[in-house]
Amino acid sequence: MIFILLAFIGSVQVASAHISIWHPSMWGFNVTDKSYPYDNRPVTPLADYTFDQWWFHGHLDHPPHKEDVFELPAGQTVTTELACNKGATSFFASSEGGDIRQGDNPCPNAPMSEYHTNGPDDLKGCSLAIAYKSDVTQVQPEDFTVFSVNHTCVFHRFTDFQVPAAMPPCPKGGCICAWFWIHSEDSGSEQNYMNGFQCNITGSTSNVALAKPEVARRCGADPKRNKMEAAPGNCTYGAKQPFYWFQKERNNVFEDQYAPPFYLDLYNFKDGAQDDIFQNSYPGGLPSPSPNSTFVPTPVIFGAAASATIDSGPSSSPLTPSSPSSSSVSSSPQTTTEAAPAAPPSAQVSVIVSTSVVLTTQVVTVTASVPAITPTPTAAPVISTAAAVSPSASSTVTEYSFQFVTVTAALPGVPSAVPSVSSVESSPPVKSRDGLTRSEQV
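To keep things clear, this report deals only with the structure shown in the data block. Positions within a chain are numbered from 1, following the residues in the order the chain's sequence is written. Selection of residues for local features in this predicted model requires a pLDDT of at least 70, selection of side-chain atom pairs for listing and counting requires 80 or more, and totals for whole chains, interfaces and linings are taken over all residues. Computation of side-chain values covers all heavy atoms of the structure but excludes hydrogens and water.

## Side note on the overall build of the protein
Secondary structure elements follow DSSP: runs of H or I no shorter than four residues count as helices, runs of E no shorter than two count as strands, and numbering proceeds from the N terminus. Helices and strands together make up the secondary structure of the protein, namely 2 helices and 15 strands. Type-normalised accessible area, obtained with a 1.4 Å probe on protein chains alone, sets the label of each residue: buried when under 20%, exposed when over 50%, and partly exposed for intermediate values. When the 442 residues of the protein are sorted by exposure, 48% land in the buried category. Should any heavy atoms of two residues lie within 4.5 Å, those residues are counted as being in contact. Summarising the internal contacts of the protein: among those between residues at least 6 apart in sequence, 73% fall at separations of at least 24. Each accessible area is a Shrake-Rupley estimate made with a 1.4 Å probe; only the visible protein chains count as cover when residues are assessed. Here the protein has roughly 21,100 Å² of accessible surface; of this, 55% comes from carbon and sulfur atoms.

What follows is the structure, given as structure tokens:
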């Protein structure tokens, strides 16, 4: 009987734990119910607290070791562990209750109501946010930007988050991240959850900073409140702050207890990576949202292909084709120490720029129908090794390979930190969207 009673008490302790993200990089990783005069374990919900109590869960005096960092690879997916007790995770060894893992179950020996859901149709999503500061004492609520959302949170111990491909590198010393969650109003009292942790972006290929995050607006369909249609023009687009809600101080949303904010389409938090949070995501700017607006901005997504047409301008070569038949561009990076030859015949060159490839120099192959003449040595282009196409009596169709200076150009749909476009002839420096003149690169 004593054994059964102890087992029952243990299960009640687990069941009353609510939920948290778990990783050694977090503040408060080793906090127990004995660490504070009140229950301030990482899983304890936050409601009606002062700023010092709810900010980083009040755990700033319990920092992680400086070498415990959660890595976030740009453009990839990371798996986190969410659970009602550390003993239900891979880090059970430092749990006061030992190993109670039960596969993907976030709350072993507990009903779903302990993680505040009535089932898969009642999930409200959670998020990861980042602040590009390495000193946690300098981080303010307005510094956090939500960069990834999972709509099926919380239902699984192993919860995946997608990292945007365009995330810039963190400053020396890393970044500060946090996990945020607000559960359904259908199960339990109104509560907010926040757990901070040390993080670092790895594999970054972009230096474009995040835009200033704004407060998310309630703009999606809300049948529970007889709002059957979404109002996309009323959404907050681009970088958004997490929800700070239902506390005594520093709230940024003020919905009542029966209509809490969620990391869902209801607030324009799409499932997965938040790919439009960068300073160049909306080159044309963002209009002020309004319930009566019908304008929905289209973001530029890092990694997507963009096309542009470049006019080579007046030709400086004596080889003037009578009727160009076709043009093609080879975008394979080349390395050379030779000087660039004279400009080729005037032509329209269609260029496909992949934002994930860095070009330093290019070889442009132009196929043209030209008069059957022999170029003079001073104007001769570099002739490729490709054999000439069958000549006609009056003209010869030949492939010429030209090597040109790479000039940085600001193109619609291409972030300023991604590869340059090779012009057919050297051009003066081009001003990008940020107004800065980029130097030519050879």
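## Thoughts on the state of the cysteines
In protein structure, a disulfide is the covalent linkage between the sulfur atoms of two cysteines. Two cysteine sulfur atoms make up a disulfide if the distance between them is within 2.5 Å. Throughout the structure, instances matching the rule amount to 5 disulfides. Across the disulfide from C170 sits C175; the S-S distance is 2.1 Å. Across the S-S bond of C170 and C175 the torsion is about -120 degrees, and the bridge reads as left-handed. Note on accessibility: C170 and C175 belong to one class, buried. Here the cysteine-cysteine linkages of the protein are recorded as 1-2, 3-4, 5-6, 7-8, 9-10, numbering only bonded cysteines and doing so in sequence order.

## Description of the sheet that holds strand 4 (residues 126-131)
Two strands pair under a simple rule: DSSP has to find at least two bridges between them. Taken in spatial order, the 6 strands make up an open sheet running 2-8-7-4-5-9, and their pairing is mixed. Single-partner strands in this sheet number two, and they are strand 2 (70-73) and strand 9 (272-273). Sheet analysis places strand 4 next to strand 7 (residues 175-181), joined by 6 bridges and oriented antiparallel. Across the sheet, the residue bridging to I130 is C177, located in strand 7.

## Details of unusual backbone geometry
Residue V154 is bonded to the preceding C153 through a cis peptide linkage, with omega at 0 degrees. Within the secondary structure, V154 sits in the loop between strand 5 (145-150) and strand 6 (158-162). For F56, which is not glycine, the phi dihedral falls at a positive 55 degrees. Position of F56 relative to the elements: it lies in the loop between helix 2 (51-54) and strand 2.

## Considering the nonpolar core
The set of buried Ala, Val, Leu, Ile, Met, Phe, Trp, Tyr and Cys residues whose side-chain atoms join them within 4.5 Å is what this entry labels a nonpolar core. In terms of nonpolar packing, the biggest core is built from 41 residues, with L72, I130, F147, M167, W179 and F197 touching the most fellow members. Every element with two or more residues in this core is listed here: strand 2, strand 3 (77-83), strand 4, strand 7 and strand 8 (193-202). Core analysis: the next-biggest nonpolar cluster, separate from the first, contains 30 residues, A129, I176, F180 and I182 among them.

## A short note on the sheet that holds strand 3
Sheet architecture is open: 3 strands sit in the order 1-3-6, paired in antiparallel fashion. Each having just a single partner strand, strand 1 (20-21) and strand 6 make up the two edges of the open sheet. By the bridge criterion, 2 bridges tie strand 1 to strand 3 in an arrangement that is antiparallel. Considered in strand 3, the bridge of I21 is made with L82.

## A few points about the side chain of R41
If you trace the backbone, R41 turns up in the loop between strand 1 and helix 2. Distance and chemistry together define a polar contact, namely a pair of N or O atoms within 3.5 Å, with one atom able to donate a hydrogen and the other to accept it when in protein, and with adjacent residues in sequence counting only for side-chain atoms on both sides. A distance of 2.7 Å separates polar atoms of two side chains, one belonging to R41 and the other to D39.

## A short note on the pattern of salt bridges
Working definition: two side chains of opposite charge can pair if their charged atoms are close together. Salt bridge, as used here: a side-chain nitrogen of Lys or Arg that lies within 4 Å of a carboxyl oxygen of Asp or Glu. Counted under the stated rule, the structure contains 10 salt bridges. Close ionic contact of E81 with R157 constitutes a salt bridge, the shortest N to O distance being 2.9 Å. Of this pair, E81 sits in strand 3 while R157 is found in the loop between strand 5 and strand 6, placing the two residues 76 residues apart along the sequence. The closest approach of N and O atoms between R218 and D222, which form a salt bridge, is 3.2 Å. With a relative accessible area of 23%, R218 lands in the partly exposed category. In this structure, a network of salt bridges that share partners links the residues R218, D222 and R225.

## Remarks on the environment of A129
Secondary-structure assignment places A129 in strand 4. Look at A129 and you get buried, because its relative accessible area is 0%. Put simply, A129 and D143 are 14 residues apart on the chain and 9.4 Å apart in space, counted from C-alpha to C-alpha. With residues up to four places along the chain from it excluded, the contact list for A129 reads F144, T145, V146, F147, I176, C177, A178, F180 and P242.

## Considering the pairing of strand 5
Within strand 5, 6 of the 6 residues are buried, which leaves the element mostly enclosed by the surrounding structure. By the bridge criterion, 5 bridges tie strand 4 to strand 5 in an arrangement that is antiparallel. What sits directly across from A129, in strand 5, is V146. Where strand 5 lies against strand 9, 2 bridges are found, and the strand directions are antiparallel. Its bridge partner lying in strand 9, S148 is registered against A273.

## Details of the side chain of S206
With respect to the element layout, S206 can be found in the loop between strand 8 and strand 9. Judged by its relative accessible area of 3%, S206 is buried.

## Examining the packing of aromatic side chains
For this analysis, a ring pair means two rings from Phe, Tyr or Trp (six-membered ring only for Trp) whose centres lie within 6.5 Å, classed as stacked if their planes differ by under 30 degrees, edge-to-face if by over 60, and tilted for the remaining angles. Taken as a whole and judged by the stated rule, the model has 23 aromatic pairs. Judged by centre distance (5.4 Å) and plane angle (20 degrees), the rings of F51 and W55 are stacked. Here F51 falls in the buried class, since its relative accessible area comes to 15%. Measuring from ring centre to ring centre gives 5.9 Å for F180 and Y244, while their planes differ by 70 degrees; the resulting arrangement is edge-to-face. Of this pair, F180 sits in strand 7 while Y244 is found in the loop between strand 8 and strand 9, placing the two residues 64 residues apart along the sequence. The pair formed by F180 and Y244 is uniform in burial state, with each residue classed as buried. A connected cluster of aromatic rings, assembled from ring pairs, spans W27, F51, W54, W55, F56, F144, F180 and Y244. Over a ring means this: the NZ of a Lys or the CZ of an Arg is within 6 Å of the ring centre and within 35 degrees of the ring normal. Its guanidinium or amino end placed over the ring of F29, K86 lies 3.9 Å from that ring's centre, counting from NZ or CZ.

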